Amino acid sequence: MKYSYYPGCTLKTKAKDLDRYGRLCAEKLGIILEEPDNWQCCGGVYPQGEDEIATKLSSVRALADAKEKGQDLVTLCSACHHVLKRVNHDMKQNETIRLRANNYLKLDSPYQGETNVIHYLEMLRDKVGFDNLKKAVVNPQTDRKIAPYYGCLLLRPGKVMAFDDPEDPRIMEDFIRAIGATPVKYSQRNECCGGYLTLENKKAAQKRAGAVVDSAEQAGADLMITACPLCLYNLDANVPEGSVPVQYFTEILAEALGVKEEV
Amino acid sequence: MSLTNQVTAADILRISGVDASRCMQCGKCSGACPNYDEMDIPPHRFAIMVRQGRITELMESQAIYRCLSCFACSQRCPRNVEPAKLIEAVRLTVIRQKGQNHMKADSIPEKLDEKLPQQAIVSAMRKYSK
Ligand code: SF4
Ligand code: SF4
């Protein structure tokens, strides 16, 4: 299995763990992730304005590059995934955006949303299969009670993201079972962590992150996992000290697959 | 610097692609909003005010900077109104005007800490300035 892989800016800097564990695990599972040479930052947030064209172009470039190579495009960061998936949807469905973006880019052949964008977790579920993942586990995480944190960006809007049931998802719980641990269900698993509000109104962001972590703790979690660097930050830096720890899901996966030491 | 350009409900429709007149004021969006306490204009009121053409009031609200873009409102709206898009459209009509950036690059260094990911800065600058 060979895919285009879009790491995004933060996975090259503060979120190196999300990236390097993700790559190691992919290798272990026999998957080749090819990073395009010239990808650009997706902008972090999906530009919702119908007349926002320039802010969508970096995504279109990555999507068109994958199309040229005839590969699906795998993402790891929830925010990158959200932006690329929604821009791709626009390129498929919105005639004006498609026309205007192509007018800017002047590609050899116009891009019309042909690329399949899949998140790493979807790759594990749909391409590898959780049953096969389970067979590849060498260190089952049997004693761990893990609270999966979905947040917003992987799930909503459900019609576009088509990731899982946006109100009652299970992909991360299934992932946790596949690595031998016990998933902990809690009410705030798909409520916002505070996101970029941490730079605008720290107190409100702390309140949001606190509610999420508190909900996971009440449910008995000893670890939270996420796919998003900004969620990780909020659930770590914007909550009281001594709260339940949070990790990238790729780190616990690396532990389960016995490749963590290789880093 | 004050806002110079007048903005109409038709502008918001054009930018957001959302027809606020579909809103039936059921309040599901505000019920779902995780930041409700901080929103001086919660999403269901935001939608009706767009419909009423009260755009200037919305442009002067705090809600346009406090919305988390979490899409809970859009997900749960039974009429496909997508309040998050209305809020974003109004914010765009403010920050696109001269001198109206809500967050300035100069203010970033003092907000940094050891762990803050680049994604936070990129996202906030995209939301709050042009
Ligand atoms: S959920 Fe939709 S229809 Fe109901 S008040 Fe909100 S915007 Fe209006
Ligand atoms: S997108 Fe904004 S208005 Fe809608 S639920 Fe989230 S914070 Fe509230």
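This one's a predicted model, so the numbers in the text were calculated from it and none came from an experiment.

How each quantity is defined
Residues numbered from 1 in each chain as written. Chains lettered and ligands numbered in written order. Predicted model: local features only at pLDDT ≥ 70, side-chain atom pairs only at ≥ 80, totals over all residues. Heavy atoms only, no water. Helix = DSSP H or I, 4+ residues; strand = E, 2+ residues; numbered from the N terminus. Rg over C-alpha atoms; globule rule 2.2 N^0.38 Å. Areas by Shrake-Rupley, 256 points an atom, 1.4 Å probe, with all protein chains shown as cover. Lys, Arg positive; Asp, Glu negative; His and termini not counted. Charge placed at Lys NZ, Arg CZ, Asp CG, Glu CD. Near = heavy atom within 4 Å. Nonpolar A, V, L, I, M, F, W, Y, C, P; charged D, E, K, R; others polar. Domains from an automatic or database assignment. Contact = heavy atoms within 4.5 Å. Buried area = accessible area lost by both parts, 1.4 Å probe. Salt bridge = Lys/Arg side-chain N within 4 Å of Asp/Glu carboxyl O. Polar contact = N/O pair within 3.5 Å; in protein donor to acceptor, adjacent residues only side chain to side chain. Phe/Tyr/Trp six-rings, centres within 6.5 Å; stacked < 30°, edge-to-face > 60°. Buried < 20%, exposed > 50% of the residue type's maximum accessible area, 1.4 Å probe, protein only. Lys NZ or Arg CZ within 6 Å of the ring centre and 35° of its normal. Pairing = 2+ DSSP bridges.

A. A look at the overall build of chain A. When its secondary structure is counted, chain A shows 11 helices and eight strands. Computed over its C-alpha atoms, the radius of gyration of chain A comes to 18 Å, within 12% of the 18 Å expected for a compact globule of 263 residues. Principal-axis analysis of the C-alpha atoms gives chain A an extent of 55 × 45 × 30 Å. Summed over all atoms, the accessible surface of chain A reaches about 10200 Å², with 45% contributed by carbon and sulfur. Taken as two groups, the 34 positive and 37 negative side-chain charges of chain A have centres that lie 1 Å from each other.

B. A look at the site of ligand 2. Residues and elements named next belong to chain B. Taken together, 13 residues are adjacent to ligand 2, and Cys33, Cys67, Leu68, Cys70 and Cys73 come closest. Counting residues per element, the ones that place at least two in the shell around ligand 2 are helix 6 (72-76) and helix 7 (83-95). A breakdown of the residues in the shell around ligand 2 according to their chemical character gives 12 nonpolar, one polar and no charged.

C. Region of the structure containing the domain arrangement of chain B. All names here are of chain B. Here the domain parsing of chain B yields domain 1 (9-99) and domain 2 (101-130). Each of domain 1 and domain 2 has a C-alpha centre, and these two points are 23 Å apart. Opposite the eight residues of domain 1 that make contact, domain 2 presents six residues. Summing the contributions of domain 1 and of domain 2, the shared interface buries around 700 Å²; its carbon and sulfur component is 54%.

D. Looking closely at the site of ligand 1. Contacts to ligand 1 come from 13 residues, most closely from B:Cys23, B:Cys26, B:Gly27, B:Cys29 and B:Cys77. Split by residue class, the shell around ligand 1 holds eight nonpolar, three polar and two charged.

E. Region of interest: the interface of chain B and chain A. Listed per partner, the contact involves 45 residues of chain B and 49 residues of chain A. Summing both partners gives a buried area of about 4000 Å² for chain B against chain A, and 53% of it is carried by carbon and sulfur. Sorting the residues of chain B by area buried against chain A places B:Phe71, B:Gln119 and B:Arg126 first, and these three jointly supply 17% of that buried surface. Ionic pairing is found between B:Arg76 and A:Glu167, a salt bridge with its closest N-O pair at 2.9 Å. In this structure, the connection of chain B to chain A is made through 21 residue pairs in polar contact (both at pLDDT 80 or more). Within the residue set of the side of chain B that touches chain A, elements represented by two or more residues are helix 1 (9-16), helix 5 (63-66), helix 6, helix 7 and helix 8 (118-128) of chain B. Ranked by residue count, the leading element in the side of chain B that touches chain A is helix 8 of chain B, at 10 residues. Its residues assigned to classes, the side of chain B that touches chain A shows 19 nonpolar, 10 polar and 16 charged.

F. Representation of the environment of A:Leu199 in the model. Inspection of the secondary structure assignment puts A:Leu199 in the loop between strand 6 (182-183) and helix 9 (202-218). A:Leu199 sits 194 residues away from A:Tyr5 along the chain, and the two C-alpha atoms are 29 Å apart. Beyond its immediate sequence surroundings of up to four residues, A:Leu199 is in contact with B:Met103, B:Lys111, B:Leu116, B:Ala120, B:Ile121 and B:Ala124.

G. Structural detail: the side chain of A:Thr10. Structurally, A:Thr10 can be placed in the loop between strand 1 (2-6) and helix 1 (16-28). At 3.0 Å, the side chain of A:Thr10 and the backbone nitrogen of B:Gln119 are in polar contact. Once you skip the residues sitting within four places of it in the chain, A:Thr10 turns out to touch A:Ala15, A:Lys16, A:Pro229, B:Pro117, B:Gln118 and B:Gln119.

H. Structural context of the domain arrangement of chain A. Residue and element names in this part refer to chain A. Structurally, chain A comprises domain 1 (2-120) and domain 2 (134-262). Spacing between the C-alpha centres of domain 1 and domain 2 amounts to 23 Å. The interface is formed by 23 residues belonging to domain 1 together with 22 residues belonging to domain 2. In this assembly, domain 1 packs against domain 2 so that about 2100 Å² is buried in total across both faces, 79% of it on carbon and sulfur atoms. By the criterion of area lost to domain 2, the three top residues of domain 1 are Leu18, Tyr21 and Ser78, representing 26% of everything that side buries.

I. Local environment of the packing of aromatic side chains. For the structure shown, the criterion picks out five aromatic pairs over all chains. Taking the centre distance of 5.6 Å and the plane angle of 85 degrees together, the rings of A:Phe175 and A:Phe249 count as edge-to-face. Of this pair, A:Phe175 sits in helix 8 (residues 171-178) while A:Phe249 is found in helix 11 (residues 249-257), placing the two residues 74 residues apart along the sequence. In this structure, A:Phe175 and A:Phe249 share a single accessibility class: buried. Members of the aromatic cluster, each reached through a chain of ring pairs, are A:Tyr120, A:Phe175 and A:Phe249. Directly above the aromatic system of A:Tyr21 lies the positively charged group of A:Arg20, at a separation of 5.9 Å from the ring centroid. The ring of B:Phe71 has A:Arg86 sitting right over it, with the charged end atom 4.7 Å from the ring centre.

J. Spotlight on the pairing of strand 7 (residues 223-226) of chain A. Residues and elements named next belong to chain A. Of the two faces of strand 7, the one holding Leu223 and Ile225 and the one holding Met224 and Thr226 are both buried throughout. Note: strand 5 (residues 145-148) against strand 7, three bridges, orientation parallel. Each bridged residue has a counterpart across the sheet, and for Ile146 the counterpart in strand 7 is Leu223. As paired strands, strand 7 and strand 8 (residues 246-248) are joined by three bridges and run parallel to one another.

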